[in-house]
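# Observations on the model geometry
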Amino acid sequence: MKNKNDQHLRLQQQIIHYRSEAASCRQQVQQLEAELAKEKMRSAYLKEKLREAETTTVETYKKKIAALERQLLLCEIALEETRSNLSKETETPALERAAAVSSLFHYSVVIPTHLDEEELTIIGDFIIRNHGTTPLHHLIVCLRLLPPKAAVLSGKIILPNSVRAEQEAMISNSAESWTFTQENWREKVRQSGEYWLAPLYDAPLEPGGERRFSQFEITVSSSSNARSLTVDGFVYCSELPKGVPAANHIAIQW
């Protein structure tokens, strides 16, 4: 009888021991599962940060490259203008023969009741079309207001290097937005009346495609001494660094 009692006691002790071991194992499993979940979250977080860093770096370099290419195009434009003043080229490069662009103003004039008291306003679009067989890269538009101080141009223009420019360059509908190509654009406007603009979203203009500087406004102040205004447009691109004048211009007198 005593042996049976001892055996029963040992079995109970073993059962308690195994239950304790099982509880300990379950606790270890739970800890390991918690650590695994943390590691998964940490891994996902690091992957997301790495992806964001790679995307930011790539976009930053893309914007820097686009800015440098625009600057190069401006230099090419200046060089071509200097060459044209010295002599006319006898042959047209094959690339320029394949590239063809046209532009025009579509506008209306809002005439106030009293010109001496209210502002005269011109509202319109500057429309650019690719009629060639090759895409046009790095479009640049020059809108020249003469006399320079007679009026002010405004529209969907975002200042370069601004936070808004950084944000809109990342979204698709920024194709409607434009920006100045020169940091000293205010001085250029004051001196020559020239507004040098480029699309904020610098995508190529494909053959048959169209791009607009839409809903611009030209405001003539009532205090201006000028009694006439002329607006000329020119389009430049990597394929046509000499530039192409618009098919029409704006000319008003009051």
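A brief structural summary. This is a predicted model, so every value here is computed, not measured.

## Considering the pairing of strand S11 (residues 250-253)
Consecutive side chains of a regular strand alternate in pointing toward one face of the sheet and then the other. The side-chain alternation of S11 yields one buried face, formed by Ile250 and Ile252, and one unburied face, formed by Ala251 and Gln253. Relative to S11, strand S9 (residues 228-236) runs antiparallel, the two being bridged by four bridges. Looking at the pairing, Val231 lines up with Ile250 of S11.

## Let's talk about the sheet that holds strand S1 (residues 101-110)
The four strands are arranged S1-S2-S8-S4 in an open sheet whose pairing can be described as antiparallel. The strands lining the two open edges of the sheet, one partner per strand, are S1 and strand S4 (151-154). For this sheet, the mean angle separating the axes of adjacent strands, direction not counted, is 25°. When strand S2 (residues 120-130) meets strand S8 (residues 210-220), the two strands line up antiparallel, connected through nine bridges. Residue pairing across strands places Thr121 opposite Thr219, the latter belonging to S8.

## Some remarks on the side chain of Arg211
Here Arg211 shows up in strand S8. No salt bridge is formed by the buried Arg211; the nearest opposite charge belongs to Asp202, separated by 5.6 Å. At 2.8 Å, the side chain of Arg211 forms a polar contact with the backbone oxygen of Ala203. Not counting residues within four places of it along the chain, the set of residues in contact with Arg211 comprises Phe126, Ile127, Ile128, Leu139, Trp178, Pro199, Tyr201, Ala203, Pro204 and Leu205.

## What about the side chain of Asp232?
Position of Asp232 relative to the elements: it lies in strand S9. Residue classification places Asp232 among the buried positions, given a relative accessible area of 18%. With near-sequence residues (within four places) excluded, Asp232 lies in contact with Phe105, Cys142, Leu143, Arg144 and His249.

Quick notes on the rules
- Residues numbered from 1 in each chain as written.
- Predicted model: local features only at pLDDT ≥ 70, side-chain atom pairs only at ≥ 80, totals over all residues.
- Heavy atoms only, no water.
- Buried < 20%, exposed > 50% of the residue type's maximum accessible area, 1.4 Å probe, protein only.
- Helix = DSSP H or I, 4+ residues; strand = E, 2+ residues; numbered from the N terminus.
- Pairing = 2+ DSSP bridges.
- Axes fitted to C-alpha atoms, helices over the stretch in contact; angles between N-to-C directions.
- Lys, Arg positive; Asp, Glu negative; His and termini not counted.
- Salt bridge = Lys/Arg side-chain N within 4 Å of Asp/Glu carboxyl O.
- Polar contact = N/O pair within 3.5 Å; in protein donor to acceptor, adjacent residues only side chain to side chain.
- Contact = heavy atoms within 4.5 Å.

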